[in-house]
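Okay, here's what each chain looks like letter by letter:
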Amino acid sequence: MNRIIPLLVATSTILCACGNNKKENNAAEQTVSLREEWFPNASYMGEVMAIHETDSSNGLNLKLIAGSDDVDPVKMVISGTNEFGVAGCERIFAAREKGADLVIIGVVNYINPTCFIARAEKNIKAPKDFEGKRVGVYPGNNTELVYKTLIRKTGVDVSKIKEVQPSFDLASFIADGYDVRPAYIFDETVSLDMKNIPYTIVKPEDYGIRFIGNVYFTTGAMIRKNPALVQAFINTIAQGWQHALRNPAKAAFYLHEFDATIDPKRELLSFQKGMSYFEGENRRILGVSADHWKEMADYLVALKTISKYDLKQTMDTSFIHNFYQRVNP
């Protein structure tokens with residue numbers, strides 16, 4: 001499959017990273033925007049497929065806005081600058097507790113892709129092996145929440161761990177600046193694979209931790225005033241992910257069109273490595289079970305990220321249900 005990519009890239013039109021390469025929208029299509037949380041990467045695959053292949057059939061002209069480190073999608077949706085956003089689910093729970101009228105309408109990753117990696121020679125294969133080691137922690141990052149949950153649930157003695165704040169690049173990790181690095185299972189691992197650096201992985205889900213990752217969200221006002229638009233958005237995104245999972249090479253081609261600075265071969269490898277994280281729980285794209293949501297909310301209470309929650313107010317799964325009723329009535 002990888003041999004396809006150079007040809008795809010050579011024939012692609014090079015576009016601005018924040019652009020949206022598609023035919024001029026039909027006047028009947030309604031333009032809506034989706035604000036990402038981070039820079040373009042493999043986690044955009046379903047969305048770039050949607051802006052090329054599924055939005056028009058749902059009456060939309062979807063504008064995908066690349067994320068950055070200085071623009072908060074939560075604030076952009078609250079302000080009405082963007083109709084929809086992508087962010088870590090813990091951020092939506094926390095924003096709601098502060099009074100924000102935000103509602104989760106679907107998930108990007110039903111399992112958070114956070115894992116913990118170590119150079120193979122360290123022989124770190126389980127959370128207990130973190131004791132006596134230098135462990136990277138990003139304060140305030142969702143990987144910190146996963147780390148704290150993992151440590152608590154597996155009975156690791158945190159007093160025996162030396163926590164350090166690493167840089168975001170891999171150089172210090174590779175140079176043995178510390179022993180354990182929080183990572184995304186389809187990101188840093190790909191970089192190490194490409195450098196032929198052997199490593200071990202500790203995956204929280206192997207220890208019964210089902211932390212939910214990024215989610216799609218909008219405002220409660222949008223749902224109340226224009227449910228048909230929200231349904232069209234969910235249909236568009238769900239179909240986009242279905243297409244991307246069936247044709248990763250094409251999704252990588254579209255991603256490179258969206259942002260010419262990314263390496264499409266690397267992002268294709270990344271997506272292929274992480275496809276199961278985008279399939280949805282029980283392969284129901286965008287979906288997570290009620291029990292799983294309660295488990296996630298309980299984690300956030302235990303971590304003191306929130307003090308209480310009301311799942312019925314925090315999320316609306318009816319649009320996902322309607323999508324699957326339409327596909328399989």
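Calculation criteria
Residues numbered from 1 in each chain as written. Predicted model: local features only at pLDDT ≥ 70, side-chain atom pairs only at ≥ 80, totals over all residues. Heavy atoms only, no water. Buried < 20%, exposed > 50% of the residue type's maximum accessible area, 1.4 Å probe, protein only. Helix = DSSP H or I, 4+ residues; strand = E, 2+ residues; numbered from the N terminus. Pairing = 2+ DSSP bridges. Contact = heavy atoms within 4.5 Å. Axes fitted to C-alpha atoms, helices over the stretch in contact; angles between N-to-C directions. Parallel < 35°, antiparallel > 145°, perpendicular 65-115°, else oblique. Nonpolar A, V, L, I, M, F, W, Y, C, P; charged D, E, K, R; others polar. Disulfide = S-S within 2.5 Å.

Below, the discussion takes up the pairing of strand β8 (residues 180–184). Summarising burial for β8: four of the five residues are buried, a large majority. Looking at chain direction, strand β5 (residues 114–119) and β8 are connected through five bridges and run antiparallel. Residue pairing across strands places C115 opposite A183, the latter belonging to β8.

This part takes up the environment of I262. Here I262 is to be found in the loop between α10 (248–258) and α11 (264–274). Along the primary structure I262 and K148 are separated by 114 residues, whereas in three dimensions their C-alpha atoms are 32 Å apart. Apart from the residues within four sequence positions on either side, I262 is in contact with P40, L255, H256 and E267.

A separate point is the sheet that holds strand β4 (residues 102–107). The sheet built from five strands is open, its strands ordered β2-β1-β3-β10-β4 with mixed pairing. Both outer strands of the open sheet, β2 (60–65) and β4, are each paired with one neighbouring strand and no more. Mean inter-strand twist for the sheet, computed between neighbouring axes without regard to direction, equals 30 degrees. With four bridges connecting them, strand β3 (residues 84–88) and strand β10 (residues 214–219) associate as antiparallel partners. Residue G85 lies in a different strand from β10, and its bridge partner there is F217. With respect to the sheet, helix α2 (residues 45–53) is in contact with β1 (30–35), β2 and β10, its orientation differing from that of β2 by roughly 145 degrees.

Our next topic: the packing of α2 against helix α9 (residues 227–246). Think of two packed helices as two axes; the pair is described by the angle between the axes and how far apart they sit. One way to put it is that α2 packs onto α9 with a least axis distance of 7 Å and a crossing angle of 110 degrees. On the basis of the axis angle, α2 is roughly perpendicular to α9. Residue-level inspection shows M45, G46, E47, M49, A50 and E53 of α2 in contact with α9, the latter providing T236, I237, G240, W241, H243 and A244. When grouped by side-chain class, the residues that make up the contact of α2 with α9 number six nonpolar, four polar and two charged.

Another point: the side chain of E267. Within the secondary structure layout, E267 lies in helix α11. Setting aside residues up to four positions removed in sequence, E267 forms contacts with N41, A42, M45, L255 and I262.

Another point: the state of the cysteines. Disulfide: a covalent bond connecting the sulfur atoms of a pair of cysteines. In total, this model carries zero disulfides according to the counting rule given. We note that C89 lacks a disulfide partner, and the nearest cysteine sulfur, in C115, lies 18 Å from it.

Below, the discussion takes up α10. With ten of eleven residues buried, α10 is to be regarded as a mostly interior element. Buried within α10 are the following residues: P248, A249, A251, A252, F253, Y254, L255, H256, E257 and F258.

For the rest of this paragraph, the subject is the side chain of T54. Mapped onto the secondary structure, T54 falls in the loop between α2 and β2. Look at T54 and you get buried, because its relative accessible area is 1%. Contacts of T54, omitting those with residues within four sequence positions, involve M49, T236, Q239, G240 and H243.

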